[in-house]
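# Structural features, examined
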Amino acid sequence: MSGTFGNKLKISIFGESHGAAIGLLADGFPAGEKIDLEELSRFLSRRSAVGKSYATGRKEADTPRFLSGFLNGRILSSPLCVMIENTAQHSSDYDVLRDIPRPGHADYAAYCRHGQNVDLRGGGHYSGRLTAPLCVAGGIAIQILHRRGIEVFAHIYNLHDIADLPFDPVAVGACEQDRLAQSPFPVLDTQAGDAMLEAIFEAKSHLDSIGGVIECAVTGLAPGSCGEHMFDGLDGHIAQALFAVPAVKGVEFGAGFACTQLYGSENNDPFTINQDGKITCTRNNHGGILGGMASGMPVIVRAAVKPTPSIYKLQPSVSIRENRDVPLEIQGRHDPCIVPRAVPCIESAVALAVLDALLDSQKSF
Ligand SMILES: Cc1cc2nc3c(=O)[nH]c(=O)nc-3n(C[C@H](O)[C@H](O)[C@H](O)COP(=O)(O)O)c2cc1C
């Protein structure tokens, strides 16, 4: 089946935004692992639009229903199937998009690729809504990793032109994770967070949208614990999962593109023996991955999220039927900025990639 991610842990996401339901099929989560459903529900609420003044008017309960592979609070050895019902569709808002595609969205490419065999209502299978089941899988992966001392957490690194405090790439840990867990808006600097919210409302008032960068850390990964060579490097695996999150347009690790402006002597991260007698690095420009393998330093990865393509401003488009230029004024319910709600999606993609890499590389997990 296409659209499946993972080597040992195989994840497929199914459904369309305005179909009966969306969901996930997962094979390979370690059997016997507990799923804390309350914790999972808290995690999913971070992605949900419910209770967020800056988010879409489409308020879905997003309650996961476990159809198989889960009994008495534990994962079974058989495939896990989870369904989330769609309950708040307004399909007529999208009729026009079959003829007049939204600039920046998947409508036109999907129409050319699949013709009549694609459901584009609400973005169909290309909708950001499909990140709800991704977050179910990711939320489970985060719980499994947490039990092994591996933590995955993210914040808004910058939103449009407003920056949060960056993670310390050498020492990021429980302190930042706790602060983010307690914050309703995922930033370390609350003043920056307030300015970001203002920028979102400002963009909204101009019928426009804005994007940003999400920075994610993975701590507790032992050196050499995962990552295979060439095509199965940990960085490549994480990047593949991240690009599955709709609207992600760039991924960088550690110093990322900025390393090109450094000398080797500045970019290389010197090794040293720390107070506990363990080998560590004094810097982390490499972002916790060397040669595709975990180096033992925190994994630091950033994902660029573009401005929401569906904007209420009049935009140039075309009528496919009439083969002429026409302006497009969209209907429907869209976030002026998807970055805050994408934070748990990024955590999910990273957690799934890391868990799969560990299952692949470790004889026993
Ligand atoms: C959590 C989340 C919510 C999203 N909500 C919307 C939305 O309301 N309107 C929209 O046009 N795009 C939304 N998107 C982005 C589109 O789904 C995405 O840009 C589109 O599928 C095209 O894919 P691409 O940007 O990866 O090329 C959302 C993305 C995420 C991660």
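Note that the structure is a prediction, hence the values are computed from the model and not measured.

### Description of the overall build of the protein
Scanning the protein for helices and strands turns up 8 helices and 18 strands. Against the 2.2 N^0.38 benchmark of 21 Å for 365 residues, the protein shows a C-alpha radius of gyration of 21 Å, consistent with a compact globule. Viewed in the frame of its principal axes, the protein has a C-alpha envelope of about 70 × 50 × 40 Å. By sequence separation, contacts in the protein at least 24 residues apart represent 73% of the contacts at least 6 residues apart.

### Observations regarding the nonpolar core
Counting 84 residues, the largest nonpolar core has Ile214, Ala342, Ile346, Ala349, Val350, Leu352 and Val354 as its most contacted members. With 14 residues, the top contributor of residues to this core is helix α8 (residues 339–361). Filtering out sequence-adjacent residues up to four positions away, Ile214 remains in contact with Ala154, Ile156, Tyr157, Arg302, Ala303, Val305, Val339, Ala342, Val343 and Ile346. Among the nonpolar cores identified, the runner-up in size contains 5 residues, and Ile100, Leu120, Leu328 and Ile330 belong to it.

### Some details on unusual backbone geometry
Leave glycine aside and you will find that most residues have negative phi; peptide bonds, for their part, are mostly trans. Of note, the phi angle at Leu207 is positive, near 60°, even though the residue is not glycine. Counting through the fold element by element, Leu207 comes out in the loop between α5 (190–205) and β10 (212–219). Phi at Ala247 is positive, roughly 90°, even though this residue is not glycine. Mapped onto the elements of the fold, Ala247 is located in the loop between α6 (234–242) and β11 (248–253). C-beta crowding within 10 Å serves as the criterion here: with 20 such atoms nearby, Ala247 is assigned to the buried category.

### Digging into the packing of helix α1 (residues 37–47) against α8
Pairs of packed helices are described in terms of their axes, by the angle between the two and the distance that separates them. Relative orientation of the contacting elements α1 and α8 amounts to 140°, with a least axis distance of 7 Å. As summarised for this structure, α1 and α8 are arranged oblique, according to the angle between their axes. Listed contacts from α8 to Phe43, Arg46 and Arg47 of α1 are Arg341, Val343, Pro344 and Cys345. For the contact of α1 with α8, a count of residues per class yields 4 nonpolar, no polar and 3 charged.

### Notes on the site of the ligand
Taken together, 21 residues sit near the ligand, with Gly128, Pro246, Ala247, Ser310 and His334 positioned nearest. Among the residues making up the shell around the ligand, the classes are represented as 9 nonpolar, 9 polar and 3 charged.

### Some remarks on the sheet that holds strand β1 (residues 4–5)
Each strand in a sheet pairs with another by means of backbone hydrogen bonds, the pair being arranged parallel or else antiparallel. In space, the 5 strands of this open sheet follow the order β1-β2-β3-β7-β4, with antiparallel pairing throughout. Two strands close off the open sheet at either side, each with one partner strand: β1 and β4 (64–68). In terms of strand pairing, strand β3 (residues 21–27) meets strand β7 (residues 80–85) through 6 bridges, oriented antiparallel. For Ala26, the partnering residue across the bridge sits in β7 and is Leu80.

### Remarks on α5
Given 3.6 residues per turn, any residue in an α-helix points the same way as the ones three and four places further on. Its 16 residues place the ends of α5 23 Å apart at the C-alpha level, agreeing with the 22 Å of an ideal helix rising 1.5 Å per residue. Considered for burial, the residues of α5 that qualify are Gly193, Met196, Ile200 and Ala203. When α5 is viewed along its axis, its buried side chains cluster within an angular range of 85° and face the same direction. Opposite the buried face of α5, at more than 90 degrees from it, the exposed residues are Gln191, Glu198, Phe201 and Ser205. The inward-facing, buried residues of α5 abut β8 (151–159) and β9 (162–163).

### Here's the deal with the pairing of β3
The buried fraction of β3 amounts to 5 of the 7 residues, a majority that puts the element mostly inside the structure. Of the strand pairs in this sheet, strand β2 (residues 10–15) and β3 are connected by 6 bridges, and their pairing is antiparallel. Of the residues in β3, the one forming a bridge with Gly15 is Ile22. Where β2 folds back on β3, the antiparallel hairpin that results is connected by 5 residues.

The rules behind each value
Each chain has its residues counted from 1, running along the sequence as written. Two thresholds apply to this predicted model, a pLDDT of at least 70 for residue-level local features and 80 or more for giving and counting side-chain atom pairs, whereas whole-chain, interface and lining totals are computed over all residues. Going along the chain from the N terminus, every DSSP run of H or I of four or more residues is numbered as a helix, and every run of E of two or more is numbered as a strand. For a compact globule the rule gives 2.2 Å times the number of residues to the power 0.38, and the radius of gyration it is set against comes from C-alpha atoms. Contact between two residues is assigned when their C-beta atoms, built from the backbone, lie within 7 Å. Connectivity within a nonpolar core runs through C-beta atoms within 7 Å, and the core itself is a set of buried Ala, Val, Leu, Ile, Met, Phe, Trp, Tyr and Cys residues. Here exposure depends only on C-beta density: within 10 Å of a residue's C-beta, 20 or more other C-beta atoms make it buried, 12 or fewer make it exposed, and intermediate numbers make it partly exposed, the C-beta atoms being placed from the backbone. To obtain each axis, a line is fitted to C-alpha atoms, and for helices this fit is confined to the stretch in contact; angles are then taken between N-to-C directions over 0 to 180 degrees. Put simply, angles under 35 degrees are roughly parallel, angles over 145 are roughly antiparallel, angles from 65 to 115 are roughly perpendicular, and the rest are oblique. Gly falls in the polar group here, along with every residue not listed as nonpolar (Ala, Val, Leu, Ile, Met, Phe, Trp, Tyr, Cys, Pro) or charged (Asp, Glu, Lys, Arg). To decide nearness, the C-beta atom of each residue is placed from the backbone, and the residue is near a molecule or strand if that atom lies within 6 Å of it. Between any two strands, at least two bridges found by DSSP are needed for them to pair. Between the first and last residue of a helix there are one fewer steps than residues, each counted as 1.5 Å, and that sum is the expected span. Read the arc as the range of directions from the helix axis to the C-beta atoms.

Coordinates in, geometry out; function isn't part of it.
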